[in-house]
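# Geometric and topological summary
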Amino acid sequence: MITFVKRPQPSKFWTIATPVLAVILTMILGGLLFAAMGKDPVVAIRTIFWDPLFNDQFAAYSRPQLLVKAAPLILIAIGLSLGFKAGIWNIGAEGQYIIGALTGASVGLALYPLDAWWIFPLMVIAGALGGFLWAMIPAILKTRFNTNEILVSLMLVYVAEQILASAALGFLRNPEGNGFPGSRNLSQIPAMSNPELISGTGAHWGVVAAFAAVVAAYVLINKHMLGFQIRLTGESPRAARFAGVKDRLLVVFCLGTAGALAGLAGLFEVTGPAGQISIDFGAGYGFTAIIVAFLGRLHPVGILLAGLLLALTFIGGELAQFMLGLPSAAIQVFQGMLLMILLAMDILVNYRVMIVNKEAA
Amino acid sequence: MDFGGINPVILLASLMVASTPILLAALGEMVTEKSGVLNLGVEGMMITGAVCGFIAAVETGSPTLGFVAAAIGGMALSMLFGLLTQVFLTTQVPAGLALTLMGTGLASLLGQNYVGIKPPSLPDLHVPLLQDIPFIGPVVFQHDAVVYLSLFAVVAVWAFLKYTRAGLVLRAVGENHAAAHALGYKVKLVRFAAIGFGGAMAGLGGAYISLVRVPQWTDGITAGIGWIALAIVVFASWRAGRVLIGAYLFGGITVLQLNLQAAGAKVPVELLSMSPFLATIVVLVVISARRHGGTNAPAMLGRIFHTS
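As recorded by an unreviewed UniProt entry, chain B carries the name Nucleoside ABC transporter membrane protein and is attributed to Celeribacter halophilus. One UniProt comment on chain B, placed under Subcellular location (unreviewed entry), says "Cell membrane".

By the naming in an unreviewed UniProt entry, chain A is Nucleoside ABC transporter membrane protein, taken from Celeribacter halophilus. The Subcellular location (unreviewed entry) field of the UniProt record for chain A holds the comment "Cell membrane".

This is the structure we're talking about:
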């Protein structure tokens, strides 16, 4: 009979091995799913994971896209990972991302057609602040009234989507847009655009910010007292309180940081790749980032790699849609499957698998 | 008898229709949580139920078979959650999120060929005599069978938890799984059953949206109702009767805002559309602020049970 025995400490080997195994297993099961849909599984997996990077025909377009798509995922996931480590569940990053884009774009468009160097930095600050304040709603409700932050942050996503719709159709609508919904194209206004910094790489300011966030989070978690308190709270909330951790402050810090980073991601997206505020601006990065955070084991470097991998599934998924007619929902299932398999494999990290003779036991 | 272009009879009758999916899903989740399991995948199970029910109803021409398929679909997805949390001992919050992500994708994949089709309609049951009562008749006694089923389910769940032995065992497992285990009860089996019931009810609720309330298949058709159902369980303090009140309250807000939109009220459409979510937040705050320390939540809610 197979039993699981709790390990005194999580296994270091399995912590690193399980995400890799989960990806491989998801590829196999995903291949079966694609086969069930009448697609050649090997071709489908190759189109998703190999062709965007190495196919002569597509790589020139796809490779830069990797950083473009990975940057918001990494930025958001880094913020989420801090809270997840401490047992604070912010699942409303999608809303914070939308609000960040809206506040940043609003500040920029309010100054239109002024042309000055400080406009873009000001928009960046406004975007981060917008996301921060939006995340403060669940944070303050949690600390003041002990309201469940999972439900509040999620509800606020739907509220943010409505504000987005009203902005795209109303107060941010392009006055010269012939009545079409959507704001002015920010990426075409020099003072407000977030351009590709090194041509051919896809690297814009969001990519720079994502890398900076990875480094900052690494230092915070490993070298700073606050990072220790976050880890302690997650592992043993009681011990953390005895050690004098101010848990309310931690809630505000974790949610606030996640909100600010998600807001930044939104601002960089709206001024760069997306270009404008439109009704369908929220593309689900905030939810996919949850997968990224877990796949990266809530570790900054892991999140960096996981963000790149999930970005690859987006790009490869688009390619597979174009080349093989694979529906985009199949990629969503694939990503969900990845998270499930990874979570199931966590048992190897936290427990030792033992085969016990039942009579003896 | 109109108030600003809104007919109160139609308003109240559609309130019952709008509340039914929330009520079904919230009741199911309440039973799951009573066994100590927090399944955040309600939205995913609902939308899977919605698509399974829609496909089955269109293919067979029978809405009844649609609802059966929806319950099976929702339950099947919930078994994945059971497998993760009960066998693989996964933390319940991320497992529930994974279920929602997976369910949303799965539903959109399955439903892609069914967009724009009209499903067979569920006949209304006109309760003899009672339906002729002025005002109350058209509001309460001229609905389809599922509305009455959902109301019956409220009573059934209440009686099950309060008066039956099995209900007592389920509550015991949710309040103290170690003690329940020591008494010889199969904690994991009970929890699997509770998770499955929650999945089936969420599936029914989802199918009610796609077969009766809308009735059509579109991506993301549940539009956050699963999350509102989760909030209603908290609002209801894990009591069946209060789940009914909560569900009808939110159904009421939804219907009222839709009617105000249709009547062309001088309030921005977006503000009306977000009102159910804002109301949910307000209610959650009021509920959590009122309680000092003690809550009525099952003591083992979200905890992992493991024996070795």
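### Notes on the pattern of salt bridges
Residues and elements named next belong to chain A. Within the structure shown, the criterion is met by 6 salt bridges over all chains. Ionic pairing is found between Lys142 and Glu149, a salt bridge with its closest N-O pair at 3.1 Å. Residue class for Glu149 comes out buried when judged on its relative accessible area of 5%. Asp247 serves as the salt-bridge partner of Arg241, at 3.9 Å between the closest nitrogen and oxygen.

### Side note on the packing of helix α11 (residues 240–262) of chain B against helix α12 (residues 269–290) of chain B
Residues and elements named next belong to chain B. Following both chains from N to C, one finds α11 and α12 inclined at 165°, their axes separated by 9 Å at the closest point. Viewed along their axes, α11 and α12 adopt a mutual orientation that is roughly antiparallel. At the point where α11 passes α12, the crossing takes the right-handed sense. Residues Phe250, Ile253, Thr254, Gln257, Leu260 and Gln261 of α11 pack against Val269, Leu272, Ser273, Ser275, Pro276, Ala279, Thr280 and Val283 of α12.

### Observations concerning the environment of Leu29 of chain A
Residue and element names in this part refer to chain A. Tracing the backbone through its elements, the reader meets Leu29 in helix α1 (residues 12–36). The class for Leu29 is partly exposed, based on a relative accessible area of 37%. When the C-alpha positions of Leu29 and Met337 are compared, they lie 8.5 Å apart, and in sequence the two are 308 residues distant. Not counting residues up to four positions away in its chain, the partners in contact with Leu29 are Met337 and Ile341.

### Some thoughts on the packing of aromatic side chains
Following the criterion strictly, the structure yields 14 aromatic pairs over all chains and no others. With centroids separated by 6.5 Å and ring planes inclined at 50°, the aromatic side chains of Phe120 of chain A and Phe268 of chain A adopt a geometry described as tilted. In this pair, Phe120 of chain A sits in helix α6 (residues 119–145) while Phe268 of chain A sits in helix α11 (residues 247–271), placing the two residues 148 residues apart along the sequence. For the residue pair Phe120 of chain A and Phe268 of chain A, the accessibility class agrees, reading buried in each case. With a centroid separation of 5.6 Å and 90° between ring planes, the pair formed by Trp158 of chain B and Tyr163 of chain B is classed as edge-to-face. Under the relative-accessibility criterion, Trp158 of chain B is labelled partly exposed at 42%.

### Description of the environment of Arg173 of chain A
All names here are of chain A. Topologically, Arg173 is positioned in the loop between α7 (149–171) and α8 (205–223). Given the relative accessible area of 35%, Arg173 is considered partly exposed. Spatially, the C-alpha atom of Arg173 lies 8.8 Å from that of Ser278, the residues being 105 residues apart in sequence. What Arg173 contacts, discounting residues up to four positions off in sequence, is Ala167, Ala168, Gly179, Phe180, Pro181, Gly182 and Ser183. Within the structure, Arg173 has its side chain in polar contact with the backbone oxygen of Leu169 (distance 3.4 Å).

### Looking at the packing of α1 of chain A against helix α2 (residues 41–49) of chain A
Residues and elements named next belong to chain A. It is the contact of α1 with α2, at a shortest axis distance of 8 Å, that shows an interaxial angle of 120°. Between α1 and α2, the angle falls in the class oblique. Two packed elements cross with a definite hand, and for α1 against α2 that hand is right-handed. Of α2, the residues touching α1 (which contributes Met27, Gly31, Phe34 and Ala35) are Pro41, Ala44, Ile45, Ile48 and Phe49. Residues belonging to the contact of α1 with α2 are distributed by class as follows: 8 nonpolar, 1 polar and no charged.

### Thoughts on helix α7 (residues 165–175) of chain B
Quick reminder: α-helices carry 3.6 residues per turn. Residues three or four places apart thus point the same way. Residue and element names in this part refer to chain B. Buried within α7 we find Gly167, Val169, Leu170, Val173 and Gly174. Considered in projection along α7, the buried side chains sweep an arc of 160° and stay on one side of the axis. For α7, the elements touching its buried residues are α1 (8–34), α6 (145–163), α8 (177–182) and α9 (187–213). N-capping of α7 is provided by Thr164, with a side-chain oxygen placed 3.0 Å from the backbone N of Gly167.

### Concerning the nonpolar core
Counting residues in hydrophobic clusters, the biggest one holds 196 residues, and the most contacted among them are Leu75, Ile76 and Ile277 of chain A together with Leu27 and Trp227 of chain B. Sorting elements by how many residues they give to this core places helix α14 (residues 328–350) of chain A first, with 14 residues. If we ignore the near neighbours within four places in the chain, the residues touching Leu27 of chain B are Ser150, Ala153, Val154, Val157, Phe197, Met201, Ala240 and Val243 of chain B. In this structure, Ala139, Leu220, Leu226 and Val251 of chain A belong to the second largest nonpolar core, which totals 16 residues.

The rules behind the values
Residues numbered from 1 in each chain as written. Chains lettered and ligands numbered in written order. Predicted model: local features only at pLDDT ≥ 70, side-chain atom pairs only at ≥ 80, totals over all residues. Heavy atoms only, no water. UniProt positions renumbered as here; feature names shortened; annotations may be inferred. Salt bridge = Lys/Arg side-chain N within 4 Å of Asp/Glu carboxyl O. Buried < 20%, exposed > 50% of the residue type's maximum accessible area, 1.4 Å probe, protein only. Axes fitted to C-alpha atoms, helices over the stretch in contact; angles between N-to-C directions. Helix = DSSP H or I, 4+ residues; strand = E, 2+ residues; numbered from the N terminus. Parallel < 35°, antiparallel > 145°, perpendicular 65-115°, else oblique. Left-handed = near helix turned anticlockwise from the far one by under 90°. Contact = heavy atoms within 4.5 Å. Phe/Tyr/Trp six-rings, centres within 6.5 Å; stacked < 30°, edge-to-face > 60°. Polar contact = N/O pair within 3.5 Å; in protein donor to acceptor, adjacent residues only side chain to side chain. Nonpolar A, V, L, I, M, F, W, Y, C, P; charged D, E, K, R; others polar. Arc of directions from axis to C-beta. Core = buried A, V, L, I, M, F, W, Y, C linked by side-chain atoms within 4.5 Å.

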